[in-house]
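# Remarks on the overall topology
Next come the chains, spelled out residue by residue.
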Amino acid sequence: MAEGVCKADEDEGPSAEEDSQSFHGVGVCKWFNVRMGFGFLSMTNREGVPLDEAVDVFVHQSKLHMEGFRSLKEGEAVEFTFKKSSKGLESQQVTGPEGNNCVGSERRPKGKNIQKRRSKGDRCYNCGGLDHHAKECKLPPQPKKCHFCQSIEHMVANCQIKAQQSSPGSQGNPSSLKEEEEEHSHPALLTETSD
């Protein structure tokens, strides 16, 4: 009876032991997205045996053996170890031929330094500068301002200029809005000049 159970298990597919086992493959980079950091290898040789048809193997940039920015060039020759997973074949370590470093793509994601780039709205709340945060600001604490019109008299939640511009049917004359903005942001200057 035990013999029949074993035979049935073999017919169902690969065992868990085979799934965790790693294999060696040789091939080329089919494609690689440098911005997203992943792509696919086209395996032409498995465990030293040439394949009739190329097989796709997933590759992530963290598995590439190379210095600096990790990527692959389309058509680049590679050697790799891979395993079977629930998603398919995944590379574990990818090198160039004979274990050398991968060459990589000349292409880079747009932007000089994508790790240090901050979002467009990321500013110092103290002085409004783009190159630092409030905790790094070299200026003494500044008065709080409305984020919309820069007035120190109110905050953005109570900004009448913003309310006028966003209210339906109110087109607003740009010159009158500018005058109102100046009036709200420099009340001391207006009272001095009116004397």
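Residues numbered from 1 in each chain as written. Predicted model: local features only at pLDDT ≥ 70, side-chain atom pairs only at ≥ 80, totals over all residues. Heavy atoms only, no water.

Going by the annotation in an unreviewed UniProt entry, the name recorded for the chain is Protein lin-28 homolog A, with Gadus morhua given as the source organism. The UniProt entry for the chain carries the following text under Sequence similarities (unreviewed entry): "Belongs to the lin-28 family." (UniProt positions renumbered as here; feature names shortened; annotations may be inferred.)

Take unusual backbone geometry next. With a phi angle near 55°, Glu47 is a residue other than glycine that sits in the positive phi range. As for its position among the elements, Glu47 is in the loop between β2 (38-46) and β3 (49-60). The exposure class assigned to Glu47 is partly exposed, which follows from its relative accessible area of 47%. (Helix = DSSP H or I, 4+ residues; strand = E, 2+ residues; numbered from the N terminus. Buried < 20%, exposed > 50% of the residue type's maximum accessible area, 1.4 Å probe, protein only.)

A word on the side chain of Asn45. The residue Asn45 is located in strand β2 in this model. A polar contact of 3.0 Å, which involves the side chain of Asn45, links it to the backbone nitrogen of Gly48. Among all residues touching Asn45, those that are not within four sequence positions of it are His24, Gly25, Val26, Pro50 and Leu51. (Polar contact = N/O pair within 3.5 Å; in protein donor to acceptor, adjacent residues only side chain to side chain. Contact = heavy atoms within 4.5 Å.)

Quick look at the packing of aromatic side chains now. Summed over all chains, the structure comprises six aromatic pairs. Measuring from ring centre to ring centre gives 5.7 Å for Phe23 and Phe82, while their planes differ by 35°; the resulting arrangement is tilted. Residue Phe23 is found in strand β1 (residues 22-33), and its partner Phe82 is found in strand β4 (residues 77-85); the two are separated by 59 residues along the sequence. Each of the two residues, Phe23 as well as Phe82, counts as buried. Measuring from centroid to centroid gives 5.7 Å for Phe40 and Phe58, while their planes differ by 75°, and the two rings are edge-to-face. Highlighted residues: Phe40 in strand β2 and Phe58 in strand β3, separated in sequence by 18 residues. Clustering of aromatic rings is evident, with ring pairs tying together Trp31, Phe38, Phe40 and Phe58. (Phe/Tyr/Trp six-rings, centres within 6.5 Å; stacked < 30°, edge-to-face > 60°.)

Our focus in this paragraph is the UniProt feature "domain: CCHC-type" (unreviewed entry) in the chain. As recorded in UniProt, the sites labelled "domain: CCHC-type" (unreviewed entry) are residues 123-138. What you have in residues 123-138 is 0% helix and 0% strand, and the ends, taken at the C-alpha atoms, are 14 Å apart.

Once that is clear, we can look at the nonpolar core. Formed by 17 residues in total, the largest nonpolar core has its most connected members in Leu41, Leu64, Leu72, Phe80 and Val94. Secondary structure elements with two or more residues in this core: β1, β2, β3, β4 and β5 (88-95). (Core = buried A, V, L, I, M, F, W, Y, C linked by side-chain atoms within 4.5 Å.)

Attention now moves to the environment of Met36. Inspection of the secondary structure assignment puts Met36 in the loop between β1 and β2. Once the C-alpha coordinates of Met36 and Pro109 are considered, the two residues, 73 residues apart in sequence, prove to be 8.8 Å apart.

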